[in-house]
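Notes for the structure review
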Protein chains: 2
Amino acid sequence: MLDKTMRMNYLYDFYQSLLTPKQRNYMGLYYLDDYSLGEIAEQYHVSRQAVYDNIKRTEAMLEEYEDKLGLFAKFQEREQLLSSLRELLKSEPDNVLAIIDRLENME
Amino acid sequence: MLDKTMRMNYLYDFYQSLLTPKQRNYMGLYYLDDYSLGEIAEQYHVSRQAVYDNIKRTEAMLEEYEDKLGLFAKFQEREQLLSSLRELLKSEPDNVLAIIDRLENME
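Residues numbered from 1 in each chain as written. Chains lettered and ligands numbered in written order. Predicted model: local features only at pLDDT ≥ 70, side-chain atom pairs only at ≥ 80, totals over all residues. Heavy atoms only, no water.

Where an unreviewed UniProt entry is consulted, chain A appears under the name UPF0122 protein J2X07_003535, with the organism given as Fictibacillus barbaricus. Among the UniProt annotations of chain A, the heading Sequence similarities (unreviewed entry) holds the following wording: "Belongs to the UPF0122 family." What UniProt records for chain A under Function (unreviewed entry) is the sentence "Might take part in the signal recognition particle (SRP) pathway. This is inferred from the conservation of its genetic proximity to ftsY/ffh. May be a regulatory protein." (UniProt positions renumbered as here; feature names shortened; annotations may be inferred.)

**Points about the relation of the copies chain B and chain A**
Placing chain B over chain A gives an RMSD of 0.0 Å and needs a rotation angle of 180°, together with 0.0 Å of translation along the axis. One copy is carried onto the other by what is essentially a two-fold rotation axis. A shared binding surface is used by both copies, with 100% of the interface residues of chain B retained as interface residues in chain A. (Least-squares fit on C-alpha atoms with pLDDT ≥ 70 in both. Contact = heavy atoms within 4.5 Å.)

**Observations regarding a negative patch on the surface**
A cluster of like negative charges, contributed by Asp-33, Asp-34, Glu-39 and Glu-42 of chain A, occupies part of the molecular surface. Relative to the assigned elements, Glu-42 of chain A resides in helix 3 (residues 37–44). (Patch = residues over 30% accessible without salt bridge, like charges linked within 9 Å, V, L, I, M, F, W, Y side chains within 5 Å. Areas by Shrake-Rupley, 256 points an atom, 1.4 Å probe, with all protein chains shown as cover. Salt bridge = Lys/Arg side-chain N within 4 Å of Asp/Glu carboxyl O. Lys, Arg positive; Asp, Glu negative; His and termini not counted. Charge placed at Lys NZ, Arg CZ, Asp CG, Glu CD. Helix = DSSP H or I, 4+ residues; strand = E, 2+ residues; numbered from the N terminus.)

**A short note on the pattern of salt bridges**
All names here are of chain A. If you walk through the whole model with that rule in mind, you get eight salt bridges over all chains. Of the charged contacts, one joins Arg-7 and Glu-63 as a salt bridge, the two residues approaching to 2.9 Å between their closest N and O atoms. Residue Arg-7 is located in helix 1 (residues 4–15), and its partner Glu-63 is located in helix 4 (residues 48–69); the two are separated by 56 residues in the primary sequence. What emerges from the salt-bridge pattern is a single network uniting Lys-4, Lys-56 and Glu-59.

**A short note on helix 4 of chain A**
Residues and elements named next belong to chain A. Taking 1.5 Å as the rise per residue, helix 4 with 22 residues should run 32 Å; its terminal C-alpha atoms sit 31 Å apart, in good agreement. Here helix 4 has its buried residues at Val-51, Asn-54, Ile-55, Thr-58, Glu-59, Leu-62, Tyr-65, Glu-66 and Leu-69. Mapping the buried residues of helix 4 onto a view down its axis gives an arc of 140°, with all of them on the same face. Seen from the buried face of helix 4, the exposed residues on the opposite side, beyond 90 degrees, are Arg-57 and Asp-67. After helix 4 finishes, the residue Gly-70 shows a positive phi value of roughly 60°. (Expected span 1.5 Å × (residues − 1). Buried < 20%, exposed > 50% of the residue type's maximum accessible area, 1.4 Å probe, protein only. Arc of directions from axis to C-beta.)

**A word on the environment of Met-106 of chain B**
All names here are of chain B. One can find Met-106 in the segment after helix 6 (96–104). Separated by 28 residues in the primary sequence, Met-106 and Arg-78 have C-alpha atoms spaced 8.5 Å apart. Excluding its chain neighbours within four sequence positions, the residues that come into contact with Met-106 are Lys-74, Glu-77, Arg-78 and Leu-81.

**Quick word on the side chain of Glu-66 of chain B**
All names here are of chain B. Within the secondary structure, Glu-66 is located in helix 4 (residues 48–69). Although Glu-66 lies buried, it forms no salt bridge, and the closest oppositely charged side chain, Arg-7, sits 5.1 Å away as judged by the N-O distance. For Glu-66, the side chain forms a polar contact with the side chain of Tyr-15, separated by 2.7 Å. Looking at Glu-66, its side chain comes within polar contact range of the main-chain nitrogen of Phe-72, at 3.0 Å. Once residues within four sequence positions are removed from consideration, Glu-66 is found in contact with Arg-7, Leu-11, Tyr-15, Leu-71, Phe-72 and Ala-73. (Polar contact = N/O pair within 3.5 Å; in protein donor to acceptor, adjacent residues only side chain to side chain.)

So this is what it looks like as structure tokens:
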């Protein structure tokens, strides 16, 4: 299991276009720029609790998008296949075609 | 430009998990099973206009998801790279690594 911050960074990367501007701002400051909840609250003139609730809801939305679309899971699977491809190409070029087939059938 | 039915089939394939069950039913019958608007209306005991409006709204939603996430565009790009990879592997295995690099950096 990935560390939560790293996982949220990836999910944010894949699905940020589906969030509202406010959700993007809070998530970006919290996860990418490492602001505290209090610092975000101060900057937006809202309560710390409001920021916390918004971020929790956004995290749940990102996990829901990942359940439905699985872009991060597919990305990880593809990375593994490409890494195998690179290794195989050095030693057994003939087996590379089998991996290309799997990549082509992944969607 | 792809034929619209084919494009909608692809977009439906990529984004159907983000639609409501009713949207999925209408779109599936209309685009995958080739039912007419009248036949769908009859099956669901609603007006032909209601089915038409729902399908038009769903088509617009699918295009909006594609604008935001670009899964179909990336799929097409990946298919092209994999096809180049397959060809190159037959003739110039050394250049295959450059294509693997591009695939790895695509997200």
